[in-house]
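Observations on the model geometry
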Amino acid sequence: MGDSGGSVVSVDVERISFGGKEHHIQTNHGPVSVAVYGDHDKPALVTYPDIALNHMSCFQGLLFCPEAASLLLHNFCIYHISPPGHELGAAPISANTPIPSVDNLADQVADVLDFFGLGSVMCFGVTAGAYILTLFASKYRERVLGLILVSPLCKGPTWTEWLYSKVTSNLLYYYGMCGLVKECLLQRYFSKEVRGFAELPESDIVQACKSLLDQRQSMNVWRFVQTMNERYDLTEQLKQLQCRTLIFVGENSQFHTEAVHMTSKLDRRYCALVEVQACGSLVTEEQPHAMLIPMEYFLMGYGLYRPSQLDCSPRSPLSPFCISPELLSPESMGVKLKPIKTRVRLEV
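Residues numbered from 1 in each chain as written. Predicted model: local features only at pLDDT ≥ 70, side-chain atom pairs only at ≥ 80, totals over all residues. Heavy atoms only, no water.

The name that an unreviewed UniProt entry assigns to the protein chain is Pollen-specific protein SF21, with the source organism given as Urochloa decumbens. The Sequence similarities (unreviewed entry) comment attached to the protein chain in UniProt states, word for word, "Belongs to the NDRG family." (UniProt positions renumbered as here; feature names shortened; annotations may be inferred.)

Here it is, written out as structure tokens:
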């Protein structure tokens, strides 16, 4: 890979993980890891996970669904960006390294695009990652074709969230990834039914998530928590976004109200909101099948289809037009989904 971003330099790590190659890229705001899956000639889909997660723990549930994998991997080359120090096998970040701001992390995304020689991309973020990619879209509007956001954040933290995050930060700082921190994070990600209780054991996805959390460097997670606790309100920037946006939120998500607020501030011609019933924030892992039909209709608006329906080349440049009206149909979405104020209308 050549350097197309001035001072951006990459060191490739020859490690193949589930078919992807991991790149360590030195951006203008510090190193970042990017796992790349698919054909580089296809349009780019950039992902960003939530706090304490990476692509293995945030997007694999969705990509292990054959229908979703065929939809996404057939049409895109996927660039999974990990928050600094969240990649598999990450070393602790030096205590002398400044904690990045949310703007620094958004600028890192731009540096990653420059390194790979990417122009306009589709973005797919979850909660904190959704905030970073939304901020990126507001700063680099010409580089974002569309946003797929899961239980997104868009406002500054409330006092309750700020205090909750401070408690989590202190636990991480003094006790590491202890049982209490993991429980706080699992409550953030999953619904109560999946986490389990006295009469019902926790699900396999929660057990797998716990195992992956054990692999995180606690101080690296602490740094990302600190960054997100200093985030600012994007409400005014949302009004300027012109890219089409598909928002998923679990009805039991801690961030449900924020997702509804975000939808109300985006241009109603370009935004759709889908509520996933009986689900927490991490829809990509808890109910990934519920995302398939809305994503299919959303991507049809860019001329992208699953292979069986393919009638044009996935290598063609993305040419957005309006979201398909079928996205508004509860019957076409399936029994797990309930649309709320999709705010989409056809353009003449």
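Membership of the largest hydrophobic core comes to 104 residues, with the highest contact counts inside it found for Tyr189 and Met295. For this core, the leading source of residues is helix α4 (residues 102-116), giving nine residues. When near neighbours in sequence (up to four residues on either side) are disregarded, tyrosine 189 contacts Asp50, Ile51, Ala52, Leu53, Cys209, Leu213, Gly280, Ser281, Leu282 and Glu286. (Core = buried A, V, L, I, M, F, W, Y, C linked by side-chain atoms within 4.5 Å. Buried < 20%, exposed > 50% of the residue type's maximum accessible area, 1.4 Å probe, protein only. Helix = DSSP H or I, 4+ residues; strand = E, 2+ residues; numbered from the N terminus. Contact = heavy atoms within 4.5 Å.)

Here strand β8 (residues 244-250) lies mainly inside the structure; seven of its seven residues are buried. Residues Arg244, Leu246, Phe248 and Gly250 point to one face of β8 and Thr245, Ile247 and Val249 to the other, with burial holding for every one of them. Relative to β8, strand β7 (residues 144-150) is paired through five bridges, and the arrangement is parallel. Looking at β8, one finds that leucine 149 is bridged to isoleucine 247. Taken together, the six bridges between β8 and strand β9 (residues 271-276) define a ladder with parallel strand orientation. Its bridge partner being in β9, phenylalanine 248 is matched across the sheet by valine 274. (Pairing = 2+ DSSP bridges.)

To continue, consider a nonpolar patch on the surface. A grouping of Tyr173, Tyr174 and Tyr175 is seen on the molecular surface, where their side chains present a nonpolar patch of about 440 Å² in accessible area. Looking at the element boundaries, tyrosine 174 is found in helix α6 (residues 159-175). (Patch = residues over 30% accessible without salt bridge, like charges linked within 9 Å, V, L, I, M, F, W, Y side chains within 5 Å. Areas by Shrake-Rupley, 256 points an atom, 1.4 Å probe, with all protein chains shown as cover. Salt bridge = Lys/Arg side-chain N within 4 Å of Asp/Glu carboxyl O.)

Given two aromatic rings, one states the distance between the centres and the angle between the planes to describe the pair. Summed over the entire model, instances satisfying the criterion amount to ten aromatic pairs. Seen in terms of ring centroids, phenylalanine 115 and phenylalanine 116 are 4.9 Å apart; in terms of plane orientation they differ by 75 degrees. Their pairing is edge-to-face. Grouping residues by exposure puts phenylalanine 115 and phenylalanine 116 together as buried. An aromatic cluster is built from Tyr79, Phe115 and Phe116, whose rings are joined through pairwise contacts. (Phe/Tyr/Trp six-rings, centres within 6.5 Å; stacked < 30°, edge-to-face > 60°.)

Let us now look at the UniProt feature "transmembrane region" (unreviewed entry) in the protein chain. The sites that carry the UniProt feature "transmembrane region" (unreviewed entry) are, in the present numbering, residues 115-137. Annotated as 52% helix and 26% strand, the span residues 115-137 places its first and last C-alpha atoms 18 Å apart.

Where helix α7 (residues 179-189) contacts helix α9 (residues 204-214), the axes come no closer than 11 Å and their chain directions differ by 130 degrees. The angle between α7 and α9 falls in the class oblique. Handedness of the crossing formed by α7 with α9: right-handed. The segment α7 lies against α9, with Lys182, Leu185, Leu186 and Tyr189 engaging Val206, Cys209, Lys210, Leu213 and Asp214. Tallied by class, the residues present in the contact of α7 with α9 amount to six nonpolar, no polar and three charged. (Axes fitted to C-alpha atoms, helices over the stretch in contact; angles between N-to-C directions. Parallel < 35°, antiparallel > 145°, perpendicular 65-115°, else oblique. Left-handed = near helix turned anticlockwise from the far one by under 90°. Nonpolar A, V, L, I, M, F, W, Y, C, P; charged D, E, K, R; others polar.)

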